[in-house]
Amino acid sequence: MILRHRLSRPVGLLLVSSLTCLGLTACSGGDDTAGTPATVEITHADGTKEKVPAKPTTWPLTGLETKNGGKAAHPVLVTKMDNTASSAPQLGLSEADLVIEELVEGGVTRLAAFYYSQIPGTVGPVRSMRASDIGIVTPVGARVVTSGAAQITLDRIGTAGIEYTTEGDAGVSRDSARAAPYNLFADLTDVTADLKQKPARPEDYLPWGEEADLPKGVPATSLTADFGNHTTSWEFHDGEYDNINTYAAEGDEFPADSVLVLRVRIGDAGYLDPANSPVPETKFVGTGPALLFHDGRMVRGTWSKKELVSPLRLSTKDAELKVPAGKVWIELVPAVDGDVTFTQ
């Protein structure tokens, strides 16, 4: 028998403290030399101190082990990607470390595809930024690859200190075989080659852990995230979640080891799109319900972000909720007008 479950609307907000790394040398590790301590102490933005590994050995966006200390010679790149039928086929999703799906006007979605541990060639179609992206990209100091944004958004992006690459910059060009505005693509190898800065290792995007750390939860073999006029559906097969209504090119789908659903508040970005539709803004700050889907089961928890720039924290009623290392797709589902269902 198939049981269908629906996530109830949030009733209130639970205040959970969050820590923000100050970008000290200790956050990015030191040289691999004899006598290096197993841990070092760092001070977070709220004044709290924490002991962390002296040299990170995992990638910040996947938690997977690496021999280079988890640091690349370029910043995290986040490509804003169209997520409608007009975008098909999407290119480059299979090589992303992490993907976040966010609401835009008209009840449809766009993707923020994160690239760090590996940099592919062509990705896209590339579309514009939203104010929602501030809370999405600032925790790892990402550079956004985008077609641009409304001036009100550009002003806020600039105030937030977010750098971006757009049409006319190295690596970004139009594909004459596709119709505008779905024909802008980026070659991320060319984008990174044009960048001069070599930033420190970003802070981990999620609280990474082992499968053994995960509470038992309940069986969940499929799920659907409903954004209003768009749904994203997943089925669990052979240890992986398959997006059964993806627009990705065949063989270029995102290989999700986990799907993390976060219920978020939606506000008004303060302007209309060209079709005179209000532009929504995801409030990726505060707290809300979280559902972590992994290995064919679902665990309930709470997410929290103290500020837009703060890292994402997850917890159950008893402890921190750690995400098993791997590739994760995050659904930022509206708390009021969106919905989440799953079957077991």
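Residues numbered from 1 in each chain as written. Predicted model: local features only at pLDDT ≥ 70, side-chain atom pairs only at ≥ 80, totals over all residues. Heavy atoms only, no water.

Participant: Summarise the overall build of the protein chain; cite the residues concerned and give the values.
Facilitator: Each helix and strand counted, the protein chain has four helices and 24 strands in total. Residues classed as buried in the protein chain amount to 52% of the 344 residues present. In the protein chain, the proportion of contacts linking residues at least 24 apart, taken out of those at least 6 apart, comes to 66%. Looking at the protein chain as shown, the accessible area adds up to about 15100 Å², and 50% of this sits on carbon and sulfur atoms. (Helix = DSSP H or I, 4+ residues; strand = E, 2+ residues; numbered from the N terminus. Buried < 20%, exposed > 50% of the residue type's maximum accessible area, 1.4 Å probe, protein only. Contact = heavy atoms within 4.5 Å. Areas by Shrake-Rupley, 256 points an atom, 1.4 Å probe, with all protein chains shown as cover.)

Participant: Give me the lowdown on the environment of V123, citing residues and values where you can.
Facilitator: As for its position among the elements, V123 is in strand 7 (residues 122–123). Classification of V123 by relative accessible area gives buried; the value is 0%. Once the C-alpha coordinates of V123 and T79 are considered, the two residues, 44 residues apart in sequence, prove to be 7.7 Å apart. Beyond its immediate chain neighbours, meaning those up to four positions away, V123 contacts T79, M81, L91, G92, Y115, F185, A186 and L188.

Participant: Explain the packing of aromatic side chains to me, using residue names and the numbers behind them.
Facilitator: Summed over all chains, the structure comprises seven aromatic pairs. Centroid distance F284 to W303: 5.5 Å. Interplanar angle 55 degrees. Geometry classified as tilted. Taken together, the residues F284 in the loop between strand 18 (278–283) and strand 19 (286–294) and W303 in strand 20 (residues 297–305) connect sequence positions 19 residues apart. One aromatic cluster is present, built from ring pairs that chain together W234, F254 and W329. Looking at K305, its charged tip hangs above the ring of F284, at a distance of 5.0 Å from the centre. (Phe/Tyr/Trp six-rings, centres within 6.5 Å; stacked < 30°, edge-to-face > 60°. Lys NZ or Arg CZ within 6 Å of the ring centre and 35° of its normal.)

Participant: Kindly report on the pattern of salt bridges, identifying the contributing residues and their values.
Facilitator: Within the structure shown, the criterion is met by 10 salt bridges. For E281, the salt bridge goes to R156, with nearest N and O atoms at 2.9 Å. On the criterion of sequence distance, the pair formed by E281 in strand 18 and R156 in helix 3 (residues 151–159) is long-range, its members being 125 residues apart. On the accessibility criterion, R156 (31% relative accessible area) is partly exposed. Shared partners join several salt bridges into a network, and the residues in it are K80, E102 and D133. (Salt bridge = Lys/Arg side-chain N within 4 Å of Asp/Glu carboxyl O.)

Participant: Now, about the sheet that holds strand 10 (residues 172–174): what can you tell me, with residues and values included?
Facilitator: Pairing between the strands of a sheet is mediated by backbone hydrogen bonds and can be parallel or antiparallel. Read from one edge to the other, the open sheet built from three strands follows the order 7-11-10, with strand pairing classed as antiparallel. Lying at the two open borders of the sheet, with one neighbouring strand each, are strand 7 and strand 10. Bridge count for strand 7 against strand 11 (residues 184–187) is two bridges, and the pairing is antiparallel. Each residue of the ladder has a partner; that of T122, found in strand 11, is D187. (Pairing = 2+ DSSP bridges.)

Participant: Lay out the confidence of the model for the protein chain in plain terms, naming residues and giving numbers.
Facilitator: When pLDDT drops low, the exact placement of atoms in the prediction is not to be read closely. On average, residues of the protein chain score 88 in pLDDT, and 85% of them reach the 70 mark or higher. Every residue in residues 1–37 scores below 50 in pLDDT, and together they form 80 contacts with partners more than four places removed in sequence or on other chains. (pLDDT = per-residue confidence, 0-100.)

Participant: Give me the side chain of D97: which residues, what numbers.
Facilitator: Here D97 lies in the loop between strand 4 (77–82) and strand 5 (98–103). Of the buried charged residues, D97 lacks a salt bridge, with K327 as the closest side chain of opposite charge at 5.0 Å. One polar contact links D97 to S117, side chain to side chain, over a distance of 2.5 Å. With sequence-adjacent residues up to four places away left out, D97 is seen in contact with L61, T62, F114, Y115, Y116, S117, F254, K327 and V328. (Lys, Arg positive; Asp, Glu negative; His and termini not counted. Polar contact = N/O pair within 3.5 Å; in protein donor to acceptor, adjacent residues only side chain to side chain.)

Participant: Report on the environment of L188, specifying residues and quantitative values.
Facilitator: Inspection of the secondary structure puts L188 in helix 4 (residues 188–193). With relative accessibility at 0%, the residue L188 sits in the buried group. In this structure the C-alpha to C-alpha distance between L188 and G121, which are 67 residues apart in sequence, comes to 5.4 Å. When residues no more than four places from it in sequence are discounted, the contact partners of L188 are L77, T79, Y115, I119, P120, G121, V123 and V145.

Participant: I'd like a rundown of the nonpolar core, residues and numbers included.
Facilitator: Core analysis: the largest hydrophobic core is formed by 38 residues, its most contacted members being F114, Y205, L206, L262, L314 and I330. Counting residues per element, the ones that place at least two in this core are strand 5, strand 6 (109–115), helix 2 (133–137), strand 17 (258–272), strand 19, strand 20 and strand 23 (328–334). Excluding residues within four positions of it along the chain, L314 makes contact with L206, P207, L260, L262, A290, T302, W303, E320, L321 and V323. Membership of the second largest hydrophobic core comes to 37 residues, among which are V126, V172, A225 and V261. (Core = buried A, V, L, I, M, F, W, Y, C linked by side-chain atoms within 4.5 Å.)

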